[in-house]
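The chain contents come next:
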Amino acid sequence: MAGRFAPKSTRASVRGGQVVVPAGVPRQGGVPGRVRLWKPSGPLDLGLVLGPLRRGPGDPTFRATRDGSVWRASLTPAGPGTLRVAGYGGEVRGEAWGPGAEWLLEMLPEMLGSADDPSAFVPRHRVVAAARHRRPGLRLTRTGLVLESLIPSVLEQKVTTDEAYRAWRLLVRRFGERAPGPAGVGERPMWVMPAPRTWALVPSWEWHKAGVDDKRASTILRAVRVAARLEQAVGMTAEAAQARLEVVPGVGPWTSAETVQRSHGAADAVTVGDLHLPGIVGWALAGDRHADDEAMLRLLEPYAGQRHRAARLILLSGHTPARRAPRMPRGDIGRL
């Protein structure tokens, strides 16, 4: 399990999917849900494994609490569900509520990386080896849910992360439903994202108020119209799933990779078309802050089959070039 003292987050480590989960004894309370106990086969860091599923610190579907628990509210094939995951004494305790509780508990091991094989990864660079040594609890999550990762990834296209996180937060709270169980009550309730039909009925002005332009909104609307076909991609290989996702106009390699990294636990789905990642990888592995996608893929060739894991470790290493250009300006079309 994670160590007692969690590492301090940085901009790069957050991008690499790290969430600080305070160490502590999980507290019991509220309405009890269905419970499953599971023992991982090796070190497991909940913040690293589940961190990529959080879309910003205000994500209404994700929460890390002071007792060392991680909460997730999901729309499963069986309906909405809330999952609370906590590790203590080398064992993981999953507790779930709602119609989707059974499904979430069944998926708990895969969500925590049981289908991932970290031993298949062989570091070829010192910076990657050091990052792996410092984070032995890194596993790649597999949620088994496509739209849950696809829609926020579309929202992140061509905008700052703050803008995308704000849009996700506003839309989920406006059109989603309260999470089942104790997470859905109180002053800061959690929310389950809207169902495909609900997304399809979001009025144009609500997209505008959330700061989402017509291009991204139209991409999401096209995706939810074929939601069942996209969710079937969970049973495919990551490469085949990406090909199916990219049939939807507006979904390109960047978006499909960001999706299958989470839905499939795809260890080789490297993100291409990213504004910052090629420069970060180029700087860490070759001292080239101006690397493009082609150069990045060439540098990651020694990690074929594990390129996404290598890129995550580079992001988590914090070995990034100093910023020279001004930050990308934040826009808000909702104010226009």
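These remarks concern the structure in this document. Residue positions are given per chain, counting from 1 as you read along its sequence in written order. Confidence filtering applies because this is a predicted model: local features only for residues at pLDDT of at least 70, side-chain atom pairs given and counted only at 80 or more, and all residues used for totals across whole chains, interfaces and linings. Only heavy atoms go into the side-chain values, all of them from the structure, while hydrogens and water stay out.

Where helices and strands are cited, they refer to DSSP runs of H or I of at least four residues and of E of at least two residues respectively, numbered from the N terminus. Helix and strand content of the protein chain: 15 helices and 7 strands. Classification of residues uses two cut-offs on accessible area relative to the type maximum, computed with a 1.4 Å probe and protein chains only: under 20% is buried, over 50% is exposed, and between them is partly exposed. The burial tally for the protein chain puts 54% of its 336 residues in the buried class. In what follows, a contact means two residues having at least one pair of non-hydrogen atoms within 4.5 Å. Put simply, of all contacts in the protein chain between residues at least 6 apart along the chain, 67% involve residues at least 24 apart. For the protein chain, the exposed area adds up to about 15800 Å²; of that, 53% sits on carbon and sulfur atoms. Computed by Shrake-Rupley with a 1.4 Å probe, the accessible areas treat only the displayed protein chains as cover when residues are assessed.

Take the packing of aromatic side chains next. Think of it this way: a Phe, Tyr or Trp ring, Trp meaning its six-membered ring, pairs with another when their centres are within 6.5 Å, and the plane angle makes it stacked under 30 degrees, edge-to-face over 60, tilted otherwise. Within this structure, the stated rule accounts for 4 aromatic pairs. Summarising the aromatic geometry, the rings of tryptophan 71 and tryptophan 97 are spaced 5.5 Å apart at their centres and angled 10 degrees between planes, so their arrangement reads as stacked. One end of the pair, tryptophan 71, is in strand β3 (residues 69-76); the other, tryptophan 97, is in strand β5 (residues 91-97), with 26 residues separating them in the sequence. The same class applies to tryptophan 71 as to tryptophan 97, namely buried. Ring centres of phenylalanine 121 and tyrosine 303 lie 5.4 Å apart, and the angle between their planes is 15 degrees; on these two criteria the pair is classed as stacked. You can see phenylalanine 121 sitting in the loop between α3 (101-111) and α4 (126-134) and its partner tyrosine 303 sitting in the loop between α14 (293-299) and α15 (307-317), a full 182 residues away along the chain. Of the two residues examined, phenylalanine 121 and tyrosine 303, each falls in the buried class. An aromatic cluster is present here, built from Trp168, Trp199 and Trp207 joined pairwise through their rings.

Attention shifts here to unusual backbone geometry. Within the chain, lysine 158 stands out as a residue other than glycine whose phi angle is a positive 60 degrees. In this fold, lysine 158 is placed in the loop between α5 (147-155) and α6 (161-175).

Here we take up the sheet that holds β3. Remark on secondary structure: sheet strands pair via backbone hydrogen bonds, oriented parallel or antiparallel. DSSP calls a pair of strands paired once it identifies at least 2 bridges connecting them. Reading across the sheet, the 5 strands line up as β1-β5-β4-β3-β2 and stay open at both edges, with antiparallel pairing between neighbours. Looking at the sheet topology across the chains shown, the edges are occupied by β1 (34-38) and β2 (62-64). Taking each pair of neighbouring strands and ignoring which way they run, the sheet shows an average axis angle of 20 degrees. Of the pairings in the sheet, the one linking β3 to strand β4 (residues 79-88) comprises 8 bridges and is antiparallel in character. The axes are straight lines fitted to the C-alpha atoms, using for helices just the contacting stretch, and the angles between their N-to-C directions are given from 0 to 180°.

Examined against the element boundaries, valine 192 turns out to sit in strand β7 (residues 191-192). Judged by relative accessible area, valine 192 falls into the buried class, the value being 0%. In this structure, the C-alpha to C-alpha distance between valine 192 and alanine 73, residues 119 residues apart in sequence, is 5.2 Å. Sequence-distant contacts of valine 192, defined by excluding residues within four places in its chain, comprise Ala73, Ser74, Leu75, Pro80, Gly81, Val172, Gly176, Glu177, Arg178, Ala179 and Pro180.

Viewed as axis vectors pointing N to C, α4 and α15 meet at an angle of 80 degrees, and their least axial separation amounts to 9 Å. Between α4 and α15, the angle falls in the class roughly perpendicular. Facing α4, whose interface residues are Val127, Val128, Ala131, Arg132 and Arg134, α15 presents Leu313, Ile314 and Ser317. The residue inventory of the contact of α4 with α15, partitioned by class, reads 5 nonpolar, 1 polar and 2 charged. Should an angle lie under 35 degrees it is considered roughly parallel, over 145 roughly antiparallel, and from 65 to 115 roughly perpendicular; all remaining angles are considered oblique. Residue classes follow a fixed rule: Ala, Val, Leu, Ile, Met, Phe, Trp, Tyr, Cys and Pro count as nonpolar, while Asp, Glu, Lys and Arg count as charged, and any other residue, Gly among them, counts as polar.

In this section: the side chain of arginine 72. The topology assignment puts arginine 72 in strand β3. A polar contact is formed between the side chain of arginine 72 and the side chain of serine 74, at a distance of 3.5 Å. When neighbours within four sequence positions are excluded, arginine 72 is seen to be in contact with Leu53, Thr61, Phe62, Gly81, Thr82, Leu83, Met111, Glu148 and Met190. For the purposes of these results, a polar contact is taken to be a pair of N or O atoms within 3.5 Å, where, inside protein, one atom must be able to donate a hydrogen and its partner to accept one; residues adjacent in sequence count only when each atom of the pair is a side-chain atom.

We now examine the pairing of β4. Buried residues dominate β4, accounting for 9 of its 10 residues. What sits between the antiparallel neighbours β3 and β4 is a turn of 2 residues. Across 7 bridges, β4 lies against β5 in antiparallel orientation. Note on β5: the bridge partner recorded for arginine 84 is glutamate 95. Taken together, β4 and the strand that follows it, β5, pair antiparallel across an intervening segment of 2 residues, in which glycine 89 is found at a positive phi of about 70 degrees.

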